[in-house]
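Summary of the model geometry
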Amino acid sequence: MYATEVFARYATEFRQARLGDEVLHHAKRAVIDWHAALFPGLEVAPMPQLRALLADDLDRGRARLPDGRPAPARAAALLNGTAAHAAEVDDSFRDAMYHPGAATVAAALAIAQDRGASGLEFLRGVVLGYEVSTRIGVAMGRAHYRHWHNTGTVGTFGAAASAAGLLGLHGAPFAHAMATAATFAAGLQQAFRMDSMSKPLHAGRAAEGGVLAAQLAAQGVTGSLDVLEGEAGFGRAMSDGPDWSAVGDTLGRDFHITRLTFKNHIGCGHAFAAIDGALELARQHGLRAADIRSVHVATYGPALDIACYEDPRTENEARFSLRFVVATALVHGSVRLAAYTPERLADADTRAMMARITAVVDPGIDAAFPGRRSARVEIETIDGQRHVWLQPNRKGDPELPLSDAELEDKLLELAAPVIGTERARTLLRNIWSLEQAGDLQGLGG
């Protein structure tokens, strides 16, 4: 049985399975976090340009954009998937090195709206997309992550699985949706190693590609069922030839959606352990920025490869600068949306702190990646004291999860400036009761 068929078999079983209360609760948490990422991303480039380009495709169709504008399912998936990744505040599944929500929820929502699905059907589509795609990301491993942006590649499978489930596909048609999705999977890490607007499009295109793959399969279009493990397939072309034999062994028993990371800061998540460690040292020892002579961060390789900008001059570069975000945390106490304003980018105190920060790869910490995202932070004070803290996990990781209340606060903070506090609170109430909703009108739009 090919891996695509393993996932198709699970999709068939999933149709009849009852989702436990814990899984449903975590699915709703994922939908809350997706909306928290969506709203601040609506005006982040390339969203204005993308909306303008797609103007002729809008104002028709049964899916909807956040402002209520009608759209065909594929256009809605593209726009909403892009927006949900644009502000760099979306969820992740650590072991797959992957932000599953942006594309998966966007695709599920677009198809669910297009088909008039219930809230429970939508949530089931979300769960199916997460469970299938995260396992593909885990199988592809760190070798895939060296060059590829998993949110664009693996995200296509999340979108395809969620869309296929909502379209009622199972068995062979589901397998063919996954096979076709593999040929659409793309997204290079080099796209964000220079200042660029392309990265959010990886998530949007993954959502759109997954929807298209599922729609094509529903029309009888077939794909190469051995596309994941074949000699010229996804695994060999884009990784080191991973073993697919056990890829479905825990499906239906170990729900990955219950172990998501939700961001507690805004920016590249690889820098978050360093932020948390620096803030913890400042809290423990009552340190102010003026007290600090130097900061030394030891962390894992991708944190320095990806959060790589040493002298960021744009908002996008700053989001991918470990030095900038750690300095911002120590000078201003947090790394939220305000960290990336022009005034903060030029802030003299932040720039002075950046000059005091060094960062290296620690072999032991690096060896634990991707299963653990850690950093060791050492601060030397002006009076010669040295303080060291190992931050084993990031706030928001499964070991240090955001509570439901903290997740609600995140959505209110990020959505209220766009839609108002009362609408944001109503949205929260509607998401928490989604499994009882006959339609998705309560999600707005």
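Quick caveat, the model's predicted, so the values are computed rather than measured.

Definitions and limits used
Residues numbered from 1 in each chain as written. Predicted model: local features only at pLDDT ≥ 70, side-chain atom pairs only at ≥ 80, totals over all residues. Heavy atoms only, no water. Axes fitted to C-alpha atoms, helices over the stretch in contact; angles between N-to-C directions. Helix = DSSP H or I, 4+ residues; strand = E, 2+ residues; numbered from the N terminus. Parallel < 35°, antiparallel > 145°, perpendicular 65-115°, else oblique. Left-handed = near helix turned anticlockwise from the far one by under 90°. Contact = heavy atoms within 4.5 Å. Nonpolar A, V, L, I, M, F, W, Y, C, P; charged D, E, K, R; others polar. Expected span 1.5 Å × (residues − 1). Buried < 20%, exposed > 50% of the residue type's maximum accessible area, 1.4 Å probe, protein only. Pairing = 2+ DSSP bridges.

1. Quick look at the packing of helix H6 (residues 119–145) against helix H7 (residues 150–166)
Orientation of H6 relative to H7, taken along the N-to-C sense of each, is 150°, at an axis distance of 7 Å. With respect to their mutual orientation, H6 and H7 come out roughly antiparallel. You can see that H6 and H7 cross each other, and the crossing is right-handed. On H7, the residues touching Glu121, Phe122, Gly125, Leu128, Gly129, Val132, Ser133, Ile136, Gly137, His144 and Tyr145 of H6 are Asn150, Thr153, Val154, Phe157, Gly158, Ala161, Ser162, Gly165 and Leu166. Considered class by class, the residues forming the contact of H6 with H7 number 9 nonpolar, 10 polar and 1 charged.

2. Quick notes on unusual backbone geometry
Residue Pro46 is reached from Ala45 by a cis peptide bond, and omega for that bond is 15°. Examined against the element boundaries, Pro46 turns out to sit in the loop between helix H2 (21–41) and helix H3 (47–53). Cis geometry marks the peptide bond from Phe369 to Pro370; its omega dihedral reads 10°. Relative to the elements of secondary structure, Pro370 occurs in the loop between helix H17 (363–367) and strand E5 (375–381). Residues other than glycine seldom take positive phi values, yet Asp59 does so here, at roughly 65°.

3. A short note on helix H4 (residues 73–86)
With 14 residues, H4 should reach 20 Å at 1.5 Å per residue; the first-to-last C-alpha distance of 20 Å fits that figure. Counting buried residues in H4 gives 13 out of 14 residues, a clear majority hidden from the surface. Note on H4: the residue one or two positions beyond its end, Glu88, has a positive phi of about 60°.

4. Focus: the pairing of E5
Extensive coverage of E5 is indicated by the burial of 5 of its 7 residues. As defined by bridge partners, strand E3 (residues 292–299) adjoins E5 across 7 bridges and the pair is classed as antiparallel. Bridge pairing in E5 places His296 opposite Glu378. Here E5 pairs with strand E6 (residues 386–391) via 6 bridges, running antiparallel. What sits directly across from Glu378, in E6, is Val388. Between E5 and E6, which pair antiparallel in sequence order, lie 4 residues; one of them, Gly384, sits at a positive phi of approximately 90°.

These values are about where atoms sit, not about what they do.
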